Amino acid sequence: MITPASQMQKLVRYLVCGLISIVVSVACGQELQDLETQILPLLAARCGECHSSSVQKGALDLSSMVGIRRGGESGEPLLAAQLEDSRLWQVIESGEMPPEEKPQLTADEIARLRVWLVSGAVAHEMATAASAVNQHDVLPIVLLRCTTCHGARTQDGDLDLRTPESMLRGGKSGPALVAGDADASPMIQRIETEACPPREELLKSFVRRPSAAELDMLRRWIIAGAPVVEVAPDIATTEPDPLVSDADRQHWAFQPARRSGSDNSIDDFIERKLNKAGLSFSPEADRDTLIRRAYLDLIGMPPDARERKRWHDAEDSDWYPQLIEHLLASPHYGERWGRYWLDVAGYANSEGGISADPIRKVAWKYRDYVIAAFNSDKPYDRFLVEQIAGDELVDYENATEITEDMVQNLVATGFLRMGIDQTGSRTMNYVPERLGVIEDAIRVLGSGVLGLTLECARCHSHKYDAIPQRDYYRLKAIFQGALDEHDWLTFKERYLRVATEQRRLQVETHNPPKQKLLKQLEARHKQSVADLQLAILRQYDPEQSEANRQATLAALKIADNNRSQTQRILVEKLQQAELDLRVQESQPVLAAQMKLAQLESEMLDVERAMEPPLEIRALWDRGDPSPTYVLRRGEHDKPGSLVGPGVPSVLTDVQTPWQYTAPFPGKTGRRLALARWLTRPDHPLTARVMVNRIWFHHFGRGLVGTLENFGVQGARPSHPELLDWLAVEFTESGWSIKHMHRLIMNSQTYRQSSHSGKEQAERDPQNQLWSRMQLRRLDAEALRDSLLSVSGRLEDTPGGAPDRVVVDRDGLVSVQPTANGNWRRSVYLQFRRTEIPTMMDAFDYPEMGPNCLTRNVSIVSPQALLMMNNEHIYTLAGGLADRVLTLHDEPCDPGLLVDAVYDIALSRMPQPQERKLGIDALRQFQHDWMGNTRSALTTYCHTLLNSAAFCYVD
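### Describing the overall build of the protein chain
The helix and strand inventory of the protein chain stands at 39 helices and ten strands. Once the C-alpha set of the protein chain is aligned to its principal axes, its extents read approximately 110 × 80 × 70 Å. Taking contacts inside the protein chain between residues at least 6 apart in sequence as the whole, the part at least 24 apart equals 70%. A total of about 43,300 Å² of accessible surface is found on the protein chain, and carbon and sulfur atoms cover 53% of it. Averaging the locations of the 108 positively and 131 negatively charged side chains of the protein chain gives two centres separated by 2 Å.

As C-alpha cells, this is what we get:
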C-alpha cells in the first residue's frame, strides 16, 4: 500500500534527482564515453552481485556495454531513445532495483544514470547495435511462417527454406532471395502480395502471415547481404555458469544421496526421532488389520474369506513376510501400483481439448506395459529409460527380426504422449498449442521424475529454484527430435505399426472379415444416430420442416466454432429436445434408442472378438530437429538466443558437460542421453523422488510432503537421513520397487496400530513423526474394486481395450458390464477426460491436466449420497447378500449371516456389540421387507458397504 508520506518522499527524490541531473549535465558537459567510465563502475558496485559477467540473474550482465545492449531474458530494452521506455530506468525510478535488502542508490548516482540514459549517444549506440542482423534473426520467422510448405516434410516447388544455403539454392523458380536486394527477392515479393502463405493454406496448414515487424526483419537481413554468422548454440561447457552458482547447488535435494550415521533400518531412523520427542512406537496392529491393510496397499482389494482365514490361522512365525511375498507375486499387484504410475504419466484414453475430446484408440497399450513392468519388478532405471527413449534403444527400422522387447520399448514411449493435446482440432493446431503439448511433456518429466517445477522457467527464470529460462529451452531441445513445433505430426501420423511376425500374422488372418462386418455396423450405427435425432426433433417440434431437420444433421458435422448463426440455433434446438423428458419417453424415440443400443451391443461384440490392432501410440526421434531458440516471455513469436540440448545446470558439477551421440542413423540420441543421465546412481533426485512416492502411497504422506517439488519452495524432508538411506538402498538393490515394499511393509513403523493415544495426540498431533499408522480413506479405484470383489461381481480378465462408459441424459456416467454381466477392475475403464465414470469422479479421480502427483482426498456429501442412492451400489450389495446366502441353508441364523457379511466385507469377525446390533438390524429389515430374507440382507449389506469400516483402511 502506498501512503501519502511515501508518495511525497518519492516526489522529492525525483525532483532532487532531476535538478542534480540538470546541474551535472550543464556544468560538466561530459561526453557519453566519460559518463560510461563512471556508470559502469557504478552498476558494478550496486548491481554486480546479481548481474555481472560471472553471475547473471535473469541472463542480465551489466558489467559492459555489450551486456547492457543485449539486455536480459525478457527482451525488454534496457536502453531506449525515450527515458520512460528504458527498462533500466523503470526499475531504478520505481525503487524495484536494487532490492530492499541491498544498499540503495544515492540521489547523485540516480542523477548520473539519468543523464547517461537520456543522452542521444545512447540511442545512437542502440541503432548501431540493432543494425547488425544475421541468419538467426530470420530463421525463427521462416520456421514459424514458411516451412510448413517449404520444410522437412513438404517442399512445394522443390523449395526448402530451413537454411540460408537452401534459400539461395532455391527451387523450381530459382533462388528465394537476392542478397542485397529485398525488392527483387521472390520470398519478399510473395509475402508482400500475400501469395505466400497462400490464403487457402492458412487454416489448412495452421500458419499465419508474417507481421510487419517480421517482414521488416527479413528485408533488413536481405538488404545487408543475407549475412551468415557462425553462432554456436548455448550449451554447457567446463566454464563456470554465470546463471547458476555453486551456492545454488548446495540445496539439500541437489546433492547426491548418501548413507549417514549408524542407523541401518527404517525403524532406526523413525525411533530415534520418536525418542527425542518422548514417544515410542504404537503397539502392532492386530492380525486381521494387518492382513486387510497389506491387501489393500499392494493389490487394492480386500482378501476373500478363504485368503483371510489362511493368513489369520497361519502358525508360522514368519507368516507376515510370507503374506507380503504372496501379494507381490499377485498379478493384481501391477494393476494397483501401475495405476499410481499412470497418474504420474497423466494416462487418459482421450486427447482432451476445448471443443472436442477424441478417443486415443490404443493408449491402453501403454497402460498394459506399465502394469506388466510393475508385476515383473522391472528395474526402475530401465523402466525410465524405455519410457523416455525406448525408440533409441534398438534400431527397429532396420532390424532383421522384430522382437517383443522392441515392440514394448516403443509402447513405453507413450509416457510422453499422455498429456492434453488439442492439436488434432481443425482450429487449435498452431505453434502456441504445440508448445503447450511440449510443455506438458516437460512438466510430466519434471514433476514425476525430477520432483521439480520445470514449467515455471518456460517464460522466465524460475523465481525460486536456480533454473534459468535457458535451461528450460535446453531441455526442450532434447525433445526437439520427436516433439518439433515446426515439424508436427498429426494425430493420424503418431502411430507406428511395429509388431512381431507372429502378431502380424494373427491380425492379418483373423481381423479382415471382422473389420468388414464392423464397417457395415458402423455405417448402420451412423444412420441410426441420425434416425434417433430426427425422431427427437419430430416429437419436439412437429411443425419444423424436414429441410431444417436435415440441416440440423448437417450442422452437427461442422465444428461448433465454425457454424453459422442459423446452424447454431438449429443445433441448440436439438440439444434442448434431447433434454425434454416427454420427448425421451415417446414411443418413436424409445424405439430408435432400442435399435441404436442393439447396434452398439453388436459392434462391441465384434470389437471384443478382434485381435488387438498393431498400431502403437509412440514417440520417436526423427533425426533432424529444428534449431531451438529461447522464447522471450515464453511467446512463440519472440525468439531469443540459440540454445543446444542440455539438462538443468544446477544438477550438474559444471565439470562434465552433458553430451549425447546418435545410437544409430536416423536418431539424435538426445533423449537416450537424458534417460541415462537421469538413471545415474549418483543423480540427486531420481531415486529420492521415487522412494518418497512409494512411501507416500504406503503411509498417506511422503517423507517430503510436496511430491512434485523438491526445490527451494518445496517441503523439507521430515526424516532427511531416512530419505537418503532409502534412495541409496533403492539404487543398490538394482532399482527394485518390490524391494522397497519389503523394507517398508516389514518395518515396525508400518505395522503400528492407527490408534492415537493421549501422548501421541499431544506430542505428534499431525503424525509427522510416524508415532502411529495413518487412517486413510480408500481412493476411487480401491473403493470400486473392493465393492466388486466383495459382491462377487469382479471380472478378472486383464488388459486390452478399455471398458466403455455410457452417459445418460442426467449426466450419470456408468460403466458397461462385460459379456458375462460383471465388471472389470477400475484401471481397465475408459477414462475419457470429459466422461469420467461418476463414481470415480465423486471419489476424487483426477482430471489429468496434464498429470496428477497427489490426489485430493475430499469428504463431501455427494460421496455419501452416491453410496446410499446409486442403483449400481445397491446391485453390488445384492451380490454380497447372494454370496452370504449361498453359504447357509434356509432358514438362516441371523448371527451367522452377520458373521459372514463381516468376514467378506470387512475381513474380520464382528465384535460382540457389532454382532448384536447386526442381528437386531437384520430382524428389523426382515420385518420391513415382509419376511423377504434376501431383501433384508441386501439392505444390511448396503449399510455395511456405506460404513467407514469399509471405506477406510486402518
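### Some thoughts on the packing of aromatic side chains
Tallied over the entire structure, the rule returns 22 aromatic pairs. Both rings, one in Trp658 and one in Tyr660, keep their centres 5.7 Å apart while their planes meet at 35°; by these two values the pair is tilted. Judged by its relative accessible area of 15%, Trp658 is buried. Geometrically, the ring pair formed by Phe699 and Trp770 is edge-to-face, given 6.1 Å between the ring centres and 70° between the ring planes. Of the two residues, Phe699 is situated in helix H28 (residues 686-699) and Trp770 in the loop between helix H31 (758-763) and strand S5 (776-777); the sequence distance between them amounts to 71 residues. Of the residues examined, Phe699 reaches a relative accessible area of 1% and is grouped as buried. Members of the aromatic cluster, joined through ring pairs, are Trp341, Tyr366, Tyr369, Phe374, Tyr380, Phe383, Phe415, Phe730 and Trp735. Positioned above the aromatic ring of Trp319 is the side chain of Arg287, whose terminal nitrogen or guanidinium carbon lies 4.2 Å from the ring centre.

### Describing the nonpolar core
A general feature of soluble globular proteins is that nonpolar side chains tend to end up buried together. Ranked by internal contacts, the top residues of the largest apolar core, which has 132 residues, are Trp341, Tyr366, Leu674 and Trp695. The element contributing the most residues to this core is helix H19 (residues 431-450), with ten residues. Discounting residues that sit within four places of it in the chain, Leu674 has contacts with Ile388, Leu445, Leu475, Ile478, Phe479, Val647 and Trp658. Listed in part, the 54 residues of the second largest apolar core include Leu296, Ile873, Leu944 and Leu945.

### Focus: empty space enclosed by the protein
Which parts of space are left empty comes out when a probe the size of a water molecule is rolled across the atoms. Per the counting criterion, the structure on display carries ten cavities of 30 Å³ or more. Its boundaries defined by the atoms lining it, the largest cavity holds a volume of some 100 Å³. Element by element, the count of residues in the lining of the largest cavity is highest for H19, at four residues. Residue classes in the lining of the largest cavity are distributed as seven nonpolar, one polar and six charged.

### Things to note about the side chain of His697
As for its placement among the helices and strands, His697 is situated in helix H28. Discounting chain neighbours no more than four positions away, the residues touching His697 are Asp297, Trp337, Tyr340 and Arg776.

### Notes on the packing of helix H15 (residues 331-345) against H28
Where H15 contacts H28, the axes come no closer than 12 Å and their chain directions differ by 125°. One finds that H15 runs oblique with respect to H28. The two elements H15 and H28 meet at a crossing, and its hand is right-handed. Contacts from Trp337, Tyr340, Trp341 and Val344 of H15 reach H28 at Met690, Arg693, Ile694, His697 and His698.

### What to know about helix H29 (residues 720-732)
An α-helical turn contains 3.6 residues, so a residue and the one three or four places further along point in the same direction. With 13 residues, H29 extends 18 Å between its outermost C-alpha atoms, agreeing within 8% with the 18 Å of an ideal straight helix rising 1.5 Å per residue. Among the 13 residues in H29, ten count as buried, and that is most of the element. Where H29 is concerned, the buried positions are Leu722, Leu723, Asp724, Trp725, Leu726, Ala727, Val728, Glu729, Phe730 and Thr731. Looking one or two places after H29, you find Gly734, whose phi comes out positive at around 85°.

### So, helix H7 (residues 135-145)
With ten of eleven residues buried, H7 lies mostly within the body of the structure. All of the buried residues in H7 are Gln135, His136, Val138, Leu139, Pro140, Ile141, Val142, Leu143, Leu144 and Arg145. On the buried face of H7, the contacting elements are helix H8 (164-169), helix H9 (186-192), helix H10 (212-223), H19, strand S3 (628-631) and strand S4 (639-643). Measuring from the backbone nitrogen of His136 back to the side-chain oxygen at the start of H7 gives 2.8 Å, which picks out Asn134 as the cap.

### Brief notes about the pattern of salt bridges
Scanning the entire structure with this criterion turns up 68 salt bridges. The shortest N-O distance in the salt bridge between Arg112 and Asp108 comes to 3.0 Å. With Arg112 and Asp108 both in helix H5 (residues 107-118) and four residues apart, this pair spans about one turn of that helix. Each of Asp234, Asp241, Arg470, Asp471 and Arg474 takes part in one network of salt bridges that share partners.

### A short note on the environment of Arg524
Locating Arg524 in the fold gives a position in helix H22 (residues 512-540). By relative accessible area, Arg524 is classed as partly exposed at 45%. For the pair formed by Arg524 and Leu218, sequence separation is 306 residues and the distance between their alpha carbons is 55 Å. Setting aside anything within four residues of it in sequence, one finds Arg524 in contact with Leu599 and Glu602.

### Focus: the environment of Arg549
Assignment of secondary structure puts Arg549 in helix H23 (residues 546-556). With a relative accessible area of 7%, Arg549 lands in the buried category. For Arg549, the contacting residues outside a window of four places in its chain are Leu534, Leu537, Arg538, Asp541, Pro542 and Gln544. Among the polar contacts listed, one links the side chain of Arg549 to the backbone oxygen of Pro542, at a separation of 3.3 Å.

### Observations regarding the packing of H22 against helix H24 (residues 565-578)
Contact pair H22 / H24: the axes reach a minimum separation of 9 Å and the direction vectors enclose 85°. By the criterion of interaxial angle, the relationship of H22 to H24 is roughly perpendicular. Touching Gln533, Ile536, Leu537 and Tyr540 of H22 are Lys573, Leu574, Gln576, Ala577 and Glu578, all from H24. Tallied by class, the residues present in the contact of H22 with H24 amount to five nonpolar, two polar and two charged.

### Thoughts on unusual backbone geometry
Of the consecutive residues Cys196 and Pro197, the connecting peptide bond is found in the cis state with omega at -10°. Position of Pro197 relative to the elements: it lies in the loop between H9 and H10. With omega at 0°, the peptide bond leading from Gly849 into Pro850 counts as cis. Structurally, the position occupied by Pro850 is in the loop between helix H33 (838-842) and helix H34 (861-869). Even without being glycine, Phe206 reaches a positive phi, approximately 60°. Positionally, Phe206 belongs in the loop between H9 and H10. Residue Phe206 is classed as buried on the basis of its relative accessible area, which comes to 14%. Unlike most non-glycine residues, Arg633 shows phi in positive territory, near 55°. As for its placement among the helices and strands, Arg633 is situated in the loop between S3 and S4.

### Notes on the environment of Glu325
Along the chain, Glu325 turns up in helix H14 (residues 319-328). On the accessibility criterion, Glu325 (36% relative accessible area) is partly exposed.

### A look at the side chain of Arg417
Looking at the secondary structure, you find Arg417 in the loop between helix H18 (404-412) and H19. Looking at Arg417, its side chain comes within polar contact range of the main-chain oxygen of Ala618, at 3.0 Å. If we skip the residues at most four places from it in the chain, Arg417 touches Arg360, Leu483, Leu489, Arg494, Arg617, Ala618 and Leu619.

### Some words on the state of the cysteines
Evaluation of the coordinates by the stated rule reveals zero disulfides. Free of any disulfide, Cys456 has its nearest cysteine sulfur in Cys459, 9.4 Å distant. Relative accessible area serves as the criterion here: at 31%, Cys456 is assigned to the partly exposed category. Here Cys852 stays free of any disulfide, with the sulfur of Cys456 as its closest cysteine sulfur at 17 Å. Taking relative accessible area as the criterion, Cys852 reaches 10% and is therefore assigned buried.

Criteria and cut-off values
Residues numbered from 1 in each chain as written. Predicted model: local features only at pLDDT ≥ 70, side-chain atom pairs only at ≥ 80, totals over all residues. Heavy atoms only, no water. Helix = DSSP H or I, 4+ residues; strand = E, 2+ residues; numbered from the N terminus. Contact = heavy atoms within 4.5 Å. Areas by Shrake-Rupley, 256 points an atom, 1.4 Å probe, with all protein chains shown as cover. Lys, Arg positive; Asp, Glu negative; His and termini not counted. Charge placed at Lys NZ, Arg CZ, Asp CG, Glu CD. Phe/Tyr/Trp six-rings, centres within 6.5 Å; stacked < 30°, edge-to-face > 60°. Buried < 20%, exposed > 50% of the residue type's maximum accessible area, 1.4 Å probe, protein only. Lys NZ or Arg CZ within 6 Å of the ring centre and 35° of its normal. Core = buried A, V, L, I, M, F, W, Y, C linked by side-chain atoms within 4.5 Å. 1 Å grid on protein atoms, 1.4 Å probe; cavity = no way out; pocket = protein on both sides within 12 Å on 5 of 7 lines; lining within 4 Å. Points joined across faces, edges and corners; volume = space filled by probe spheres on them. Nonpolar A, V, L, I, M, F, W, Y, C, P; charged D, E, K, R; others polar. Axes fitted to C-alpha atoms, helices over the stretch in contact; angles between N-to-C directions. Parallel < 35°, antiparallel > 145°, perpendicular 65-115°, else oblique. Left-handed = near helix turned anticlockwise from the far one by under 90°. Expected span 1.5 Å × (residues − 1). Polar contact = N/O pair within 3.5 Å; in protein donor to acceptor, adjacent residues only side chain to side chain. Salt bridge = Lys/Arg side-chain N within 4 Å of Asp/Glu carboxyl O. Disulfide = S-S within 2.5 Å.

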